[in-house]
Amino acid sequence: MTSVPSDYLERVYAGVLGKIIGVYLGRPFEGWSHRDILAKLGEVDYYVHDRLNVPLVVTDDDISGTFTFLRAMPDYDYARDLTPAQIGQTWLNYIIENRTILWWGGLGMSTEHSAFLRLKHGIQAPQSGSIATNGQVVAEQIGAQIFIDGWGLIHPGDPERASDFARRAGSVSHDGEAIYAAQVVAALVAQAFVESDIHALLDTAVGLIPRDCLIARMISDIREWHAQDPDWKHGFAKIEGLYGYDKYGGNCHTVPNHAIIIHALLHSGGSFSRALMIANTCGWDTDCNSGNVGCIMGVRGGLDAIDRGPDWRGPVADKIYLPTADGGRCVTDAVQEAVHVANIGRAFRGLEQDLPKNGARFHFSVPGSVQGFRCENPESASLLNLCEDDIPRCLAIRLKNLACRVSTETFPLPESRKMPGYQLMASPTLYSGQTVRLQVRAAVSNPHPIIFAPFVSVYDENDELRRIEGLRPTSGSPTGLAPGESLTLSWEVPSTDGYPVAEVGLEIAGMGEPVVHLDWLTWDGAPDVTFKQVHGKTWKEQWVCGVSEHATWGEPFRLVQNEGTGLLMTGCREWTDYRVEASVTPHLVVTGGIAARVQGMKRYYALVLKRGGGVRLVKALDGELVLTEAPFSWELGETHHLALQVEGNHLAGFLNGEKVLEYQDDLRPLTAGGVALILTEGRMATQEVKVSPAF
């Protein structure tokens, strides 16, 4: 319990990669039958998105749920006794009803939607997902196992504990055989860190569920069929005959799809690529099954297993979108998520956090990683994750022409904003006023010096990108780099006039096909930004909408909340000490105002005006608590200027320029998070929102 494998981060990264590769591979033909797949695609041994005219990297519930619900662990201090009710509260915090993470198919149609409605109306987990509450057919659909891989990733070599946590997490929305299937998947992931034999893995996992349950009996049948006949197509025919979709009710039952996972593992011959081919060619819920198989096989074989087949990694480039109520975490990548997951596993064991290169956002510390970096023109340069004896692992940029631009996404790019399927809701990860820092190195073998300059791309009034170049450094100088020379540079992102920053990158020029090593790139500090209405749509899209309606006629921020409390949110979980302010006009509210250190729909500090008179400083954390309040007479329709400053554990609220409330929160303080406009039941208007360093 006190240690993790020496290659823990790399193996977690392989599991995360396997998950997203599997999902991206299977998503374009999700729900197709085996016969339709063979007729239209043949055996699926590589990505087919281009053949079906859909994007490869997409938002998907399998990915969003997996890496979001696991955040119950840090949110509840890595508790060993983490409860289903606390994981259910995590659902309520990060999910925005009818918009993020889940398939919103309706009560009794979508299992997860049904469970969310139970949670929303006060039925705590595990009752929220139970057969007694929702009926057996609804409770035994596929959702528990598709979100479960992370609970195995944080318990390397400890399948018993992974299975136990999978039971707790799965019971938020599911029951019965769906729970047993989820326990098997989580146990397989956990044990794959220390065991490679597929049969031994299955022995361990099945030993953790009731011997007489349907999932255990089905796995036994599939193993017997595999022993009798090595042809996977013959085995699938038997699965279809005895455990097919026609035998189980609902839209997407656990049993048939779990059968595909086991079948693909057994017939894989230990090959990551073959396992994915079988899982996807069999059909049914292809992205879910392929994602689970990819994670298990990724952990089992590591990066070598993924790289042994076709180029699975290149087209994906580590990219992930996680649309949740924490919008600053949406634009992410497999390395960042692997670091988050591995550090949950480490913290659970009382180990120090592993933060490569002092916690840099982009550090390229795991083999093959590019963390979403791309060349604006692929003909101008190539990118390679490089590790040599005399330099740390880095991103090597080799120029093919005289100049190139390389960058990574900080807010969805134009092509991503049009993404079909699950709604993409995101806030930028980088803002005006923050300090970007990086370290670069010119390769010793370069024939001539190179020059480079950082840039950011921001949206304009036509929702197109424009570059801000020639940024003035606060340290270092963007001059030439001689062969073998390195430079650490920092600069402040200038004002973007309210438009979101979409990319950060480097422009490089040099002769003789030089190589530049990007060692790391990161940013920090409080933003200094004014959010206001400007031309185009992206100024509005950088706000994650957790209110009933965000209208822009009359005022840029005309907010309506029909029931309960809603938040319109932007910013990042990394923001710590700052000041947020806005002039608000409550037209019909119970309470309304501004919020800071927002970590979702149920975790924040807020300064609000209370209908009937008064101003309050409140904290939302497993319920809402009034920290302090003061009398103040006001009327609906009046405009009042609110400011909330957070610095350390000290909170200060200002009303119309005067400090009216203070509080020192030393009991489970919220230490970081974004900002929001907040209101309870009614309508409120605001012209602009300003965020600046605390003073």
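Remember, it's a predicted structure, so these values are computed and weren't measured experimentally.

Reading the values: rules and limits
- Residues numbered from 1 in each chain as written.
- Predicted model: local features only at pLDDT ≥ 70, side-chain atom pairs only at ≥ 80, totals over all residues.
- Heavy atoms only, no water.
- Helix = DSSP H or I, 4+ residues; strand = E, 2+ residues; numbered from the N terminus.
- Contact = heavy atoms within 4.5 Å.
- Buried < 20%, exposed > 50% of the residue type's maximum accessible area, 1.4 Å probe, protein only.
- Polar contact = N/O pair within 3.5 Å; in protein donor to acceptor, adjacent residues only side chain to side chain.
- Phe/Tyr/Trp six-rings, centres within 6.5 Å; stacked < 30°, edge-to-face > 60°.
- Expected span 1.5 Å × (residues − 1).
- Pairing = 2+ DSSP bridges.

1. A closer look at the environment of arginine 167
Structurally, arginine 167 is set in helix H11 (residues 159–170). C-alpha of arginine 167 to C-alpha of glutamine 183: the two residues are 16 residues apart in sequence and 6.2 Å apart in space. Setting aside residues no more than four positions away along its own chain, arginine 167 makes contact with Ile179 and Gln183.

2. Some details on the side chain of histidine 174
Relative to the assigned elements, histidine 174 resides in the loop between H11 and helix H12 (177–191). Relative accessible area serves as the criterion here: at 1%, histidine 174 is assigned to the buried category. At 3.1 Å, the side chain of histidine 174 forms a polar contact with the backbone nitrogen of glycine 143. In this structure the side chain of histidine 174 is engaged in a polar contact, spanning 2.7 Å, whose partner is the side chain of serine 173. The contacts of histidine 174, once residues within four sequence positions are left out, are Thr111, Glu112, Gly129, Ala139, Gln141, Ile142, Gly143, Ala144 and Ile179.

3. What about the packing of aromatic side chains?
Tallied over the entire structure, the rule returns 24 aromatic pairs. Ring geometry for tyrosine 46 versus tryptophan 312: centroids 5.4 Å apart, planes at 40°, classification tilted. Of this pair, tyrosine 46 sits in the loop between helix H2 (34–40) and helix H3 (61–69) while tryptophan 312 sits in the loop between helix H18 (286–307) and helix H19 (313–316), and the two are 266 residues apart along the sequence. Overall, tyrosine 46 belongs to the partly exposed group, its relative accessible area being 28%. With 5.3 Å between their ring centres and 90° between their planes, tyrosine 47 and tryptophan 312 make a pair best called edge-to-face. With tyrosine 47 in the loop between H2 and H3 and tryptophan 312 in the loop between H18 and H19, this pair connects stretches of sequence that are 265 residues apart. What makes tyrosine 47 buried here is its relative accessible area of 5%.

4. Some thoughts on helix H20 (residues 334–348)
Helix length check: H20 (15 residues) gives 21 Å between terminal C-alpha atoms against 21 Å at 1.5 Å per residue, within 8%. Burial analysis of H20 places 13 of its 15 residues in the buried class, which makes it a mostly covered element. Between the side-chain oxygen at the start of H20 and the backbone nitrogen of valine 335 there is a gap of 2.9 Å, and the oxygen is on aspartate 333. Just downstream of H20 lies glycine 350, where phi reads positive at about 75°.

5. So, the side chain of serine 114
Here serine 114 shows up in helix H6 (residues 111–120). Among the residues examined, serine 114 registers a relative accessible area of 1% and is labelled buried. At a separation of 2.8 Å, a polar atom in the side chain of serine 114 contacts the main-chain amide nitrogen of glycine 108. Residues contacting serine 114, with those up to four places away along its chain left out, are Gly106, Leu107, Gly108, Met109 and Val138.

6. Points about the pairing of strand S9 (residues 465–468)
In terms of strand pairing, strand S8 (residues 450–459) meets S9 through 4 bridges, oriented antiparallel. Residue pairing for S9: tyrosine 459 is matched across the bridge by leucine 465. Turn length for the S8-S9 hairpin, with the two strands adjacent in sequence and antiparallel, is 5 residues, and the turn residue aspartate 463 shows positive phi of about 60°.

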